[in-house]
Amino acid sequence: MSNSKKRVYLETYGCQMNVADSEVVLSLLATEGFEITNSLEKADVVLVNTCSVRENAEQRVYGRLGEFKRLKHERPEVVVGVLGCMAERLRSKLTGEKAKGVGQAVDLIVGPDEYRKVPELIQKAWRGEKGIAVQLSRVETYDDITPLRTEGISAWISIMRGCDKFCTFCVVPFTRGRERSRSLTSIVNEVEVLSSRGFKEVTLLGQNVNSYRDNGNDFADLLRAVAHVDSSIRVRFTTSHPQDMSDKLIETVADHENICNFIHLPVQSGSDRILGLMNRTYNRVHYLRLIEAIKKSIPNVSLSTDFIAGFPTETEDDHKQTLELMQEIRYDGAFMFTYSPRENTPAFIMVDDINAGVKSRRVTEIVALQNRISLEKNLEHIGETFEVLVDGESKKSSSHWQGRTDGNKTAIFPKHNCQPGDYIHVQIDRANSATLFGSVANVPEVIEEAA
Ligand code: SAM
Ligand code: SF4
Ligand code: F3S
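For every chain, the first residue of the written sequence is number 1, and numbering continues from 1 along that sequence. All chains are assigned letters beginning with A, and all ligands numbers beginning with 1, in the order in which they are written. This being a predicted model, a pLDDT of at least 70 is required before a residue's local features are given, and a value of 80 or more before pairs of side-chain atoms are given or counted; all residues contribute to the totals for chains, interfaces and linings. Excluded from the side-chain calculation are hydrogens and water; included are all heavy atoms of the structure.

Colleague: Report on the overall build of the chain, specifying residues and quantitative values.
Modeller: When helices and strands are tallied, the chain shows 12 helices and 21 strands. Taken over the C-alpha atoms alone, the chain extends approximately 75 × 65 × 45 Å along its principal axes. Evaluated residue by residue, the chain yields a buried proportion of 56% over its 451 residues. Here, two residues are considered to be in contact whenever any of their heavy atoms come within 4.5 Å of each other. Taking contacts inside the chain between residues at least 6 apart in sequence as the whole, the part at least 24 apart equals 75%. As displayed, the chain has an accessible area near 20200 Å², and 50% of this comes from carbon and sulfur atoms. To qualify as a helix, a DSSP run of H or I must reach at least 4 residues; to qualify as a strand, a run of E must reach at least 2; elements of each kind are numbered from the N terminus. For each residue, the accessible area found with a 1.4 Å probe, counting protein chains only, is set against the maximum for its type, and the residue is called buried under 20%, exposed over 50%, and partly exposed in between. In these tables, accessible area is a Shrake-Rupley quantity obtained with a 1.4 Å probe, and a residue counts as shielded only by the protein chains included in the view.

Colleague: Give me the site of ligand 1: which residues, what numbers.
Modeller: Near ligand 1 lie 15 residues; those nearest to it are Gln207, Pro266, Gln268, Asp306 and Ser340. At 3.0 Å from an oxygen atom of ligand 1 is found a side-chain nitrogen or oxygen belonging to arginine 54. Between aspartate 306 and ligand 1, the recorded distance is 2.5 Å, taken from a side-chain N or O atom to an oxygen atom. Isolated, ligand 1 exposes 560 Å² of accessible area, and the fraction of that covered by the protein chains is 91%. If you list the elements that add at least two residues to the shell around ligand 1, you get β15 (302–309) and β16 (333–338). Note that Gly is not counted as nonpolar here; it falls among the polar residues with everything else outside the nonpolar set of Ala, Val, Leu, Ile, Met, Phe, Trp, Tyr, Cys and Pro and the charged set of Asp, Glu, Lys and Arg. When grouped by side-chain class, the residues that make up the shell around ligand 1 number 6 nonpolar, 5 polar and 4 charged. An automatic or database domain assignment provides the domain bounds reported here. Each of domain 2 (151–260) and domain 3 (271–380) gives at least three residues to the shell around ligand 1. A cutoff of 4 Å decides nearness: a residue is near a molecule or strand if any of its heavy atoms lies inside that distance of it. In protein, a polar contact means a hydrogen-donor-capable atom and an acceptor-capable atom, both N or O and within 3.5 Å, with residues adjacent in sequence counting only if both atoms are side-chain atoms; elsewhere, any N or O pair within 3.5 Å suffices.

Colleague: Tell me about the packing of aromatic side chains, residues and numbers included.
Modeller: Note on aromatic pairs: the rings of Phe, Tyr and Trp (six-membered ring only in Trp) are paired at centre separations within 6.5 Å, and the planes decide the class, stacked below 30 degrees, edge-to-face beyond 60, tilted for the rest. Summed over all chains, the structure comprises 8 aromatic pairs. Taking 6.1 Å as the distance between ring centres and 20 degrees as the angle between the ring planes, the aromatic pair formed by phenylalanine 34 and tryptophan 126 counts as stacked. Linking phenylalanine 34 in the loop between α1 (16–31) and β2 (35–36) with tryptophan 126 in helix α4 (residues 118–126), this pair joins segments that are 92 residues apart in sequence. As far as burial versus exposure is concerned, phenylalanine 34 and tryptophan 126 are alike and both buried. Between phenylalanine 169 and phenylalanine 311, the ring centres sit 6.4 Å apart and the planes meet at 80 degrees, which makes this aromatic pair edge-to-face. Linking phenylalanine 169 in the loop between β8 (160–161) and α5 (172–176) with phenylalanine 311 in the loop between β15 and α11 (316–329), this pair joins segments that are 142 residues apart in sequence. Owing to a relative accessible area of 0%, phenylalanine 311 belongs among the buried residues under this scheme. Lysine 6 extends its terminal NZ or CZ atom over the ring of tryptophan 126, reaching a point 5.2 Å from the ring centre. The side chain of arginine 54 reaches across the aromatic face of phenylalanine 337, ending 3.6 Å from its centre. As a reminder, the over-ring test applies to NZ of lysine and CZ of arginine, requiring each to be within 6 Å of the ring centre and within 35 degrees of the ring normal.

Colleague: Provide a residue-level description of the sheet that holds strand β10 (residues 201–205), including the pertinent values.
Modeller: The sheet built from 3 strands is open, its strands ordered β7-β10-β13 with parallel pairing. Looking at strand neighbours, the two that pair on one side only are β7 (154–158) and β13 (234–238), the edges of this open sheet. Strand after strand, the sheet turns through a mean of 20 degrees between neighbouring axes, direction not considered. Inspection of the sheet shows β7 paired to β10 by 5 bridges, in the parallel sense. Bridge pairing links serine 158 to leucine 205 in β10. Axes, fitted as lines to C-alpha atoms, cover a helix only where it is in contact. Angles between the N-to-C directions of the axes lie from 0 to 180 degrees. Strands β7 and β10 of the sheet are contacted by helix α6 (residues 184–196), whose axis makes an angle of about 165 degrees with β7. A pair of strands is labelled paired if DSSP reports no fewer than 2 bridges between them.

Colleague: Break down the packing of helix α7 (residues 219–227) against helix α8 (residues 247–255) for me, citing the residues and quoting the values.
Modeller: Interhelical geometry of α7 versus α8 gives an angle of 15 degrees and a closest axis separation of 9 Å. As far as their axial angle goes, α8 and α7 are roughly parallel. For the element pair α7 and α8, the recorded crossing hand is left-handed. Residues Phe219, Ala220, Asp221, Leu223 and Arg224 of α7 lie in contact with α8, whose contacting residues are Lys248, Leu249, Thr252 and Val253. Looking at the contact of α7 with α8, its residues break down into 5 nonpolar, 1 polar and 3 charged. Note on terminology: angles under 35 degrees are roughly parallel, angles over 145 are roughly antiparallel, angles of 65 to 115 are roughly perpendicular, and the others are oblique. Crossings are sorted by hand: turned counterclockwise from the far helix by less than a right angle, the near helix makes the crossing left-handed, and turned clockwise it makes it right-handed.

Colleague: I'd like to hear about empty space enclosed by the protein, residue by residue, with values.
Modeller: Both site types are read off a 1 Å grid over the protein atoms alone. A 1.4 Å probe that fits but cannot get out defines a cavity, while an open set with protein on both sides within 12 Å along at least five of seven lines defines a pocket; lining residues have an atom within 4 Å of a point. Grid points are joined across faces, edges and corners, and a volume is the space filled by probe spheres set on the points. Following the criterion strictly, the structure yields 1 cavity of 30 Å³ or more and no others. A volume near 100 Å³ is recorded for the largest cavity. In terms of lining, the largest cavity is formed by 14 residues, of which the most central are Val24, Thr141, Pro147, Ser158 and Arg182. Elements represented by at least two residues in the lining of the largest cavity include exactly α1 and β7. Composition of the lining of the largest cavity by domain shows at least three residues from each of domain 1 (7–133) and domain 2 (151–260).

Colleague: Give me the sheet that holds β15: which residues, what numbers.
Modeller: One open sheet accounts for 3 strands, arranged β14-β15-β16; its pairing is parallel. Strands with a single pairing partner mark the edges of an open sheet, and in this sheet they are β14 (262–264) and β16. Adjacent strand axes in the sheet meet at a mean angle of 10 degrees, parallel and antiparallel pairs treated alike. Note: β15 against β16, 6 bridges, orientation parallel. Residue serine 304 lies in a different strand from β16, and its bridge partner there is glycine 333.

Colleague: Hey, could you go over the site of ligand 3 for me, with residue numbers and the actual values?
Modeller: Taken together, Cys15, Asn18, Thr50, Cys51, Ser52, Val53, Cys85, Val172, Arg176 and Gln207 make up the full set of residues near ligand 3. Here the shell around ligand 3 is built from residues that sort into 5 nonpolar, 4 polar and 1 charged.

Colleague: Outline the confidence of the model for the chain, listing residues and values.
Modeller: Mean pLDDT for the chain: 94, with 96% of residues reaching 70 or above. Residue-level confidence of the predictor is what pLDDT reports, using numbers from 0 through 100. Here residues 447–451 is modelled with pLDDT under 50, and outside its nearest four sequence neighbours on either side it reaches 0 contacts, counting other chains as well.

Colleague: Before we move on, can you summarise α1 with the specific residues and values?
Modeller: A turn of α-helix holds 3.6 residues, and therefore any two residues three or four places apart point the same way. Expected helix span is computed as 1.5 Å times (number of residues minus one). Under the 1.5 Å per step criterion, the end-to-end length of α1 is 23 Å for 16 residues, consistent within 8% with the ideal 22 Å. The buried fraction of α1 is high, at 12 of 16 residues. Every buried residue of α1 is listed here: Met17, Asn18, Ala20, Asp21, Ser22, Glu23, Val24, Val25, Leu26, Ser27, Leu28 and Leu29. Two residues or fewer past α1, glycine 33 is found with a positive phi of approximately 95 degrees.

This is the structure in structure tokens:
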């Protein structure tokens, strides 16, 4: 069957790596003549790129697959495919009983390293064959594929795949396989193309960017090379693992005006005993020293982190140590989760002994403390002026723009004669825990021609 005029709808769940992967899949499909659609009703092919990191991420996808099943009931010719981490982790369950009946609706199951096969598997599905491709690779980086991006301000660039850290709670090493890096040259080329298309921000992505290696170049070398492509492009990166964050990397961030002074450094817990059980491979003292070195070299740095509350055996004292660490570091923001046991991870055999009520109370305490700290830090910015990259219209007001500071804080300000993609100075006059509000400062003068 010809692919022309066949419309593909793709929905993405999970982390930014999945967002970047979806752009790779769409690029592969566009090359094969498929049309991309944002309308589920008009789609001939419905794909869902999935996440397995926590139970609720998987439950959302099961719910969605239930809806696709009903769609397929009305239009049996529609092909439904499950991509990504759930495809890798639940290949057999997705077709079996445990899929709560949604398995019958699924025609193809494709893991993160087999996306090149998606067009061919769609063809097979049209011939009535179900397809499964879930082999993990030690070399696949999709280095030669230009992701399909719509025009915009910010681009996600996947610089490496997989993870070798094996934190005991985490499915990623199993769903994404071993670490491998893309070539520095191809990443720099991609940034050059984005620069010529008017993009103003790139975020380099990897589960542990500090492990990046290509031909003797480490992550700091890559970051420097990317920053030199275009000084008007802001460069961000995520995620850094605290074990191998080097002084060289910290200096590289400090030395480059266009590398954002923003570091996401997931700590997970403030207790050495829990960090040990999590196999995080650093302790509290190492982490605090690292934060001290970062704050010293990059004085106005914004810091964020991830926490897991209620890991097996976590005591009230362990939890207290997490709260104390937060008070000591004073992060600007955090992603905060309750522990979700994942089958086949090493932590799964530890007893999930912290009951749901306790987990939920602990995470609520972490969230409340973080909100208080974020608010206090944001209030300190009142009266200051920030360079803000305009992202677009504020979600809550059509008369306001929304943008982000170098430290990744959202700023809202009345619309002015600027547009998305512009850098503008905003003076802050109000703040809450999530957002800074202000007005445009030092607006460039409009020189009117003499009549
Ligand atoms: N590679 C990143 C790192 O090591 O910091 C994190 C990637 S993971 C996709 C994002 C976050 O999800 C983790 O930092 C952790 O806080 C959380 N997470 C992972 N597995 C989890 C689990 N089983 N239960 C709860 N949270 C989990
Ligand atoms: Fe998961 Fe740990 Fe790898 Fe992050 S570093 S992806 S938490 S195993
Ligand atoms: Fe989820 Fe896979 Fe990312 S498990 S967080 S989509 S790497």
